[in-house]
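Each chain, written out:
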Amino acid sequence: ALADHVRIVEVGPRDGLQNEKSSISAETKIELVRRLAGTGLETIEAGSFVHPKWVPQMAASDRVLSSILAGPPSSPHPITYQWLLPNSRGLENYFKVMDTAASAPNGSPTPPPSPTQDSGPAMNTSSWDPNAMPSSTSAEDSMSKARGSDSFSNERNGHKHEVSIFLAATESFSKKNTNCSIQESLDRFAPLMADSRKAGYPVRAYISVALGCPFEGPDTDPHKVADLAVKLLEMGADEISVADTTGMGTAPQTRRLLQTLREAGVRNEDIAMHFHDTFGQALINTMISLDHGIRTFDSAVGGLGGCPYSPGATGNVATEDLVYTLHSLGAKTGVDLDEMSRIGEWITGEIGKGNGSSAGRATMSR
Ligand code: HMG
Ligand code: MG
């Protein structure tokens, strides 16, 4: 049995929702994050500060962040919330929201009426308008305030906040997803990572298309991935999330990639695996990764998701499926499968798609 603790990074509110065509209300997103926070999860990627024209669905991330900052602690244990940023402009926008919280009395803004555990999805947050708060104009000013009331702290309301950045292992995907070359994205992220860490916010870095690219095919060079991982760690990344964006990665490929990362000196504790399940290989690749010693995995409740710039790719591996597998192996995740399954059923119904989790559906029909 695998007695270890395995950390799950729930990316449903970001990766899961970003690709949905029909507009999802901010209230639903806020409710999703609030409910996920009550499942025992430790880490939730709750939104992104990307260009709204590129990814309109994430435009309400500032409201999701504001509601987390304003609300009462929504879980008995501390949660780490992560926020995806494509560039320094994203970091500035993110810090502006953190800033409004820091400039309010006691380091937290006036909370909206606090939701009860049973309140429905239509939680009213309109009384809380982050734009109504005084906000600084210069990025530096914003940054110093974003450090929080205790300087150099990313902690608010008992919860922690971190940022995540992303780049790609192939030039074509880099261009499509972020409109720049791989080298340009490294250059772009160097100052962002430095600024973020200086302000006390740890940085996670994704490497997309690590096991295949929609434009360049299945044979992403593992040495390219390892080279980027080493560079990102040298630049100060606290964790590398190695992403199978297209879900076409296979077990032998996963084994080879992890071996290459090891040979390049990247430690298992610096790696998270991020599997999309397009070809149904996510759990097999998870097993390979567990055998290799990886103990952090990304997943999305209900199997939500897909990348807007990876045509045909489906969602992340479903959190319910991952939890079921991990628990069967004796691993501890802290996550309540029943509650996670209820959330998967609710959110997939809410956005009008089928529940993408086998374990979730089975749990619900027991
Ligand atoms: P660009 O058009 O090259 O940006 O886009 P730019 O720097 O030339 O700026 C153009 C305009 O956008 C300017 O405004 C900027 O101010 C504005 P204007 O002067 O024209 O009015 N702008 C912004 N506005 C708001 N927020 C920002 C921002 N940045 C610039 N952050 C950019 C470059 C990177 C911004 C764009 O390509 C972008 O937003 N890309 C995001 C794509 C995305 O979100 N993809 C999905 C997430 S990644 C993913 O899903 C993969 C992952 O799950 C792992 C995996 O599975 O592989 C993480
Ligand atoms: Mg993804």
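Anyway, here's the lowdown on the structure attached to this text. Since the structure is predicted, the reported quantities are computational estimates derived from the model, not experimental observations. (Residues numbered from 1 in each chain as written. Chains lettered and ligands numbered in written order. Predicted model: local features only at pLDDT ≥ 70, side-chain atom pairs only at ≥ 80, totals over all residues.)

Some thoughts on the site of ligand 1
- The environment of ligand 1 is made up of 26 residues, and the closest members are H51, G90, S208, A243 and T245.
- For the shell around ligand 1, the secondary-structure elements that each account for two or more residues are α4 (88–103), α6 (171–178) and β6 (203–208).
- Considering every element that reaches the shell around ligand 1, the biggest residue donor is α4, with three residues. (Near = placed C-beta within 6 Å. Helix = DSSP H or I, 4+ residues; strand = E, 2+ residues; numbered from the N terminus.)

Let's talk about the environment of S358
- Mapped onto the secondary structure, S358 falls in helix α13 (residues 358–364).
- Considering only alpha carbons, one finds S358 and A300, 58 residues apart in sequence, at a separation of 13 Å.

Quick notes on helix α8 (residues 222–234)
- Across its 13 residues, α8 extends 18 Å between first and last C-alpha, which sits within 8% of the 18 Å expected from 1.5 Å per residue.
- Listing the buried residues of α8 in full gives P222, V225, A226, L228, A229 and L232. Summarising the axial view, the buried residues of α8 lie within an arc of 165 degrees, below the 170-degree limit, and thus occupy one face.
- Where α8 is buried, its residues touch β5 (159–168), β6, β7 (239–244) and α9 (251–263).
- Just beyond α8, the residue with positive phi is G236, at close to 110 degrees. (Expected span 1.5 Å × (residues − 1). Buried ≥ 20, exposed ≤ 12 C-beta atoms within 10 Å, placed from the backbone. Arc of directions from axis to C-beta. Contact = placed C-beta atoms within 7 Å.)

Some details on unusual backbone geometry
- Backbone geometry at N157 places phi at a positive 55 degrees, although glycine is not the residue there.
- Note that N157 resides in the loop between β4 (155–156) and β5.
- With 20 C-beta atoms counted inside 10 Å, the residue N157 sits in the buried group.
- Within the chain, N179 stands out as a residue other than glycine whose phi angle is a positive 60 degrees.
- Structurally, the position occupied by N179 is in the loop between α6 and α7 (182–198).
- The class for N179 is partly exposed, based on 13 C-beta atoms found within 10 Å.

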